[in-house]
Amino acid sequence: MTTRKSHSVRTALMPYARLPRAHHSLHVLTSTVDVFCAAHWLLGEHAPQPGGDVPPFDALVVSVHPGGSIELTELSAVRARWPHLDRLPDGGFVVAASRARRYEDANQVQVFDAHGRETLSFSVGDAIEHLLVDEAGQIWVGHFDENPIGIRRWSATGRPTWMSDDAHIPGLFDCYALNVSGAAAWACPYTDFPLVEIRPDRRKRPVRVRENHVRGAKAVAVHGDRVAFYGGYGEEQDRLVHAELGEASVEQTEVGLLTLSDGSCPGRRRVVGRGSRIYVQAEPFTEWGVFDLSS
């Protein structure tokens, strides 16, 4: 198979969702796109500051649905300084602190009902890199290297339902990329960067590991037998690698760049992988763009 190495192939993100201007005076604490394709912004009166404990504060979630409708949910007594956010299928939200002061910090993950009231809290462990909810309401968590415990799936009541401990994933110290769609997850972890397919509900071969030579990708998208990796180290942070899935490995077919819709490259950005899509949000974090491998 011939691999095209040129970075001249440029792919522009398609505009996807925008935070309504009426809310631009608030600070974007975090933002995400859920498994049902709705975009959410967690907004607060003040920007997060380094230091000790954060006094509980009220926050606003602004949700923009695929059809363009807007929904507002007020959350009471949020505790996370550097939060992760996602929506549950019942209309509630999960807010988690990326850092836990202690491994058994029971306040780390807060579950809110559809009215914005906290219903319970629990811990999933320090150093959250990714937190993504699947269609069944299961919470997938990948950690960065300050807590190399791998990838885990939790129920919305704080019960672990799958762990990577016995999955024989090589070099799983830092979950660089995590894609959750349906009831499955795809990961690309440091240090070996294999492409890991995780289907806990599949009896035969629930975890499949494919060798991969794309280093440092921050997001992955999968569609059929095709895969795309976004990001990398240094000058390759805007790299977009197309590849095909083999039985035991990933074979690169094209290397290019993924740009904003105007053709420029983002600086600081957030990324979310969902099935065939990679969502990218550049600073000031008010707009989401999308790359769809199935298009």
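To be clear, the structure that these remarks concern was listed above.
Residues numbered from 1 in each chain as written. Predicted model: local features only at pLDDT ≥ 70, side-chain atom pairs only at ≥ 80, totals over all residues. Heavy atoms only, no water.

## Section: the overall build of the protein
- For the protein, the count of helices and strands is zero helices and 25 strands.
- Over its C-alpha atoms the protein spans a radius of gyration of 18 Å, differing by no more than 12% from the 19 Å that the globule rule assigns to 295 residues.
- Projected onto the principal axes, the alpha-carbon positions of the protein cover approximately 55 × 45 × 35 Å.
- Within the span of the protein, comprising 295 residues, buried residues form 55% of the whole.
- Carbon and sulfur atoms make up 49% of the accessible area of the protein, which totals about 13400 Å².
- In the protein, which carries 31 positive and 37 negative side-chain charges, the distance between the mean positions of the two groups comes to 3 Å. (Helix = DSSP H or I, 4+ residues; strand = E, 2+ residues; numbered from the N terminus. Rg over C-alpha atoms; globule rule 2.2 N^0.38 Å. Buried < 20%, exposed > 50% of the residue type's maximum accessible area, 1.4 Å probe, protein only. Areas by Shrake-Rupley, 256 points an atom, 1.4 Å probe, with all protein chains shown as cover. Lys, Arg positive; Asp, Glu negative; His and termini not counted. Charge placed at Lys NZ, Arg CZ, Asp CG, Glu CD.)

## A word on the sheet that holds strand β10 (residues 118-122)
- Taken together, four strands build an open sheet; the order of strands is β7-β8-β9-β10 and the sheet is antiparallel. Of all the strands in the sheet, just β7 (83-87) and β10 have a single pairing partner and so form its edges. Taking each pair of neighbouring strands and ignoring which way they run, the sheet shows an average axis angle of 20 degrees.
- Relative to strand β9 (residues 109-112), strand β8 (residues 93-97) runs antiparallel, the two being bridged by four bridges. Bridge pairing links V94 to V111 in β9. (Pairing = 2+ DSSP bridges. Axes fitted to C-alpha atoms, helices over the stretch in contact; angles between N-to-C directions.)

## With respect to the side chain of D134
- Mapping D134 onto the fold places it in the loop between β11 (128-133) and β12 (139-143).
- Salt bridges are absent for the buried D134, whose nearest opposite-charge side chain, R153, sits at 4.6 Å.
- Polar contacts involving the side chain of D134 include one to the main-chain amide nitrogen of Q138, which spans 2.8 Å.
- A polar contact of 3.1 Å, which involves the side chain of D134, links it to the side chain of W140.
- Once residues lying within four places of it in the same chain are set aside, the contact partners of D134 are V35, P89, W140, R153, V180, G182 and A183. (Salt bridge = Lys/Arg side-chain N within 4 Å of Asp/Glu carboxyl O. Polar contact = N/O pair within 3.5 Å; in protein donor to acceptor, adjacent residues only side chain to side chain. Contact = heavy atoms within 4.5 Å.)

## Quick notes on a nonpolar patch on the surface
- A cluster of nonpolar residues, F173, Y190 and Y233, forms a patch on the protein surface that exposes about 300 Å² of accessible area.
- When you line up the elements, Y233 lands in the loop between β20 (226-230) and β21 (239-245).
- For Y233, a relative accessible area of 40% translates into the label partly exposed. (Patch = residues over 30% accessible without salt bridge, like charges linked within 9 Å, V, L, I, M, F, W, Y side chains within 5 Å.)

## A word on the packing of aromatic side chains
- Counted according to the given criterion, the structure contains eight aromatic pairs.
- Between the NZ or CZ atom of K218 and the centre of the ring of Y176, over which it lies, the distance is 4.1 Å.
- The ring centre of F285 lies 4.3 Å from the NZ or CZ of R270, which sits over that ring. (Phe/Tyr/Trp six-rings, centres within 6.5 Å; stacked < 30°, edge-to-face > 60°. Lys NZ or Arg CZ within 6 Å of the ring centre and 35° of its normal.)

## Considerations on a negative patch on the surface
- Judged by side-chain charge, E211, D225, E244 and E251 come together as a negatively charged surface patch.
- Structurally, the position occupied by E244 is in strand β21.
- E244 gets classed as partly exposed once you look at its relative accessible area, which sits at 34%.

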